[in-house]
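# Structural features, examined
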Amino acid sequence: MSLTDLTLARWRSFDLPAARRFAEEAALRVDGRVTLVETTEHLGGPLHRVRIERDRQAFALIPGGPVTLGFDPDGWRPTPWQAADYAESLERGFADGPDLRAHLARVLSPRRSVVLPTVLMAVEDEDLTEPPAGMPAVLAARGLRMPTSDEWEHACGAGVRTLFRWGNDCPLDELPYGDGPGPRNEPSAFGLRIAYDTYQSELTSDTTAVHGGDGGESVCGGYGHLLAWLPLATAHRNPSMTEFVYGPEGDDMGEELSTRPVLAL
């Protein structure tokens, strides 16, 4: 089986030696070198992590194929503290719906099935060096491209159905930014540093979404504990920030935005 036929389901069926063989094939294709092959626990079974270095930049192998993305608010139940926290945000005028599930339906992408290619995606996001419209050309000069919104969600969640990539809840005693312990600063299932700081905002090729954070708007604005964490949700598309970024003032944001380059296989 070639890399073009690799799916997440098949990837999860491999033993470690088979995963290493595919990692070496991927590295050979992009003139890179394998720096890590390891197995972690994910969704009740093993999942291999692969890291490949090319031009001093680290990339993770993201198996594709048929995958399910998005979030289903109707099939989810908030905890009592989440419902209470949202009610306080609503009372202060910061919420976008009469209840939490209605809010989530407006800011998260819907549940859907898509087919994605297997790619290498940068472990770390990188700051924009041009306005959003100019970044595709900047990356193309390095043999890279911006991810699609679907690719970003898949790389972040790796098949989870929960609100965040680590589960449905967020720590009450932690902030959604900065260094320190906690699930947001742990590597994702595929080994990416992603959705880790609400002050970070990642762009994709999709101009209708901004991922990974809201530039700190919800924290600085005092939106409430849950709404401050919510921009780190895997399916969050930040509709209000998207409108700002791709509006007339977005070109002046510069290094306040980032993207996560993709290397095609």
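Just so you know, these numbers come straight off a predicted model, no measurement behind them.

The next point concerns the side chain of Ser 218. Relative to the assigned elements, Ser 218 resides in helix α7 (residues 217-220). Setting aside residues up to four positions removed in sequence, Ser 218 forms contacts with Thr 198, Tyr 223, Leu 227, Ala 228 and Pro 231.

Let's shift gears to the environment of Trp 229. One can find Trp 229 in helix α8 (residues 225-229). It is 12 Å that separates the C-alpha atoms of Trp 229 and Gly 167, two residues lying 62 residues apart in sequence. Among residues more than four places away in sequence, those in contact with Trp 229 are Phe 164, Trp 166, Cys 170, Pro 171, Glu 174, Leu 175, Pro 176 and Arg 184.

Turning next to the sheet that holds strand β8 (residues 202-203). Ordered in space as β7-β10-β8-β9, the four strands form an open sheet in which the pairing is mixed. The outermost strands of the open sheet, each flanked by one partner alone, are β7 (126-127) and β9 (210-211). Bridge analysis of β8 against strand β10 (residues 258-259) gives two bridges, and the strand direction is parallel. Across the sheet, Glu 202 pairs through a bridge with Ser 258, a residue of β10.

Within the secondary structure, Asp 125 sits in the loop between β6 (119-122) and β7. Classification of Asp 125 as buried rests on a relative accessible area of 12%. A polar contact of 3.1 Å, which involves the side chain of Asp 125, links it to the side chain of Gln 200. Separated by 2.7 Å, the side chains of Asp 125 and Ser 258 make a polar contact. Asp 125 has contacts with Arg 193, Tyr 196, Gln 200, Glu 202, Ser 258, Thr 259 and Arg 260, leaving out every residue within four places of it along the chain.

A word on the packing of aromatic side chains. What the rule picks out here adds up to seven aromatic pairs. Between Phe 14 and Phe 22, the ring centres sit 5.0 Å apart and the planes meet at 25 degrees, which makes this aromatic pair stacked. Here Phe 14 and Phe 22 have matching classes, each one buried. Judged by centre distance (5.9 Å) and plane angle (80 degrees), the rings of Trp 166 and Trp 229 are edge-to-face. With Trp 166 in the loop between α6 (149-157) and β8 and Trp 229 in helix α8, this pair connects stretches of sequence that are 63 residues apart. Classification of Trp 166 as partly exposed rests on a relative accessible area of 23%.

Turning our eyes to something else, we now look at the environment of Thr 208. If you trace the backbone, Thr 208 turns up in the loop between β8 and β9. The exposure class assigned to Thr 208 is partly exposed, which follows from its relative accessible area of 49%. Spatially, the C-alpha atoms of Thr 208 and Arg 237 are 7.7 Å apart, while their sequence positions differ by 29 residues. Contacts of Thr 208, omitting those with residues within four sequence positions, involve Arg 237 and Thr 242. Here the side chain of Thr 208 touches Asp 206 through a polar contact of 2.6 Å, side chain to side chain.

Right, let's get into the sheet that holds strand β11 (residues 262-264). Spatially, five strands are ordered β1-β2-β3-β6-β11 in an open sheet, and the strand pairing comes out antiparallel. A single partner strand is all that each edge strand has here, and the edge strands are β1 (33-42) and β11. Across the sheet, the mean angle separating the axes of adjacent strands is 30 degrees when strand polarity is ignored. Of the strands in this sheet, β1 and β2 (45-54) touch helix α2 (residues 16-29), which is tilted by about 140 degrees from β1. Sheet strands touched by α6: β1, β3 (57-62), β6 and β11. Its angle to β6, the strand with the most contacts, is close to 80 degrees.

Attention now goes to the nonpolar core. Residues Trp 11, Ile 52, Ile 62 and Leu 192 are the most contacted members of the largest nonpolar core, which totals 47 residues. When residues of this core are assigned to their parent elements, the largest contribution, six residues, is made by α2. Grouped together as the second largest cluster of nonpolar side chains are 20 residues, Tyr 86, Phe 164, Tyr 223 and Trp 229 included.

The rules behind the values
- Residues numbered from 1 in each chain as written.
- Predicted model: local features only at pLDDT ≥ 70, side-chain atom pairs only at ≥ 80, totals over all residues.
- Heavy atoms only, no water.
- Helix = DSSP H or I, 4+ residues; strand = E, 2+ residues; numbered from the N terminus.
- Contact = heavy atoms within 4.5 Å.
- Pairing = 2+ DSSP bridges.
- Buried < 20%, exposed > 50% of the residue type's maximum accessible area, 1.4 Å probe, protein only.
- Polar contact = N/O pair within 3.5 Å; in protein donor to acceptor, adjacent residues only side chain to side chain.
- Phe/Tyr/Trp six-rings, centres within 6.5 Å; stacked < 30°, edge-to-face > 60°.
- Axes fitted to C-alpha atoms, helices over the stretch in contact; angles between N-to-C directions.
- Core = buried A, V, L, I, M, F, W, Y, C linked by side-chain atoms within 4.5 Å.

In short, geometric facts, not functional conclusions.
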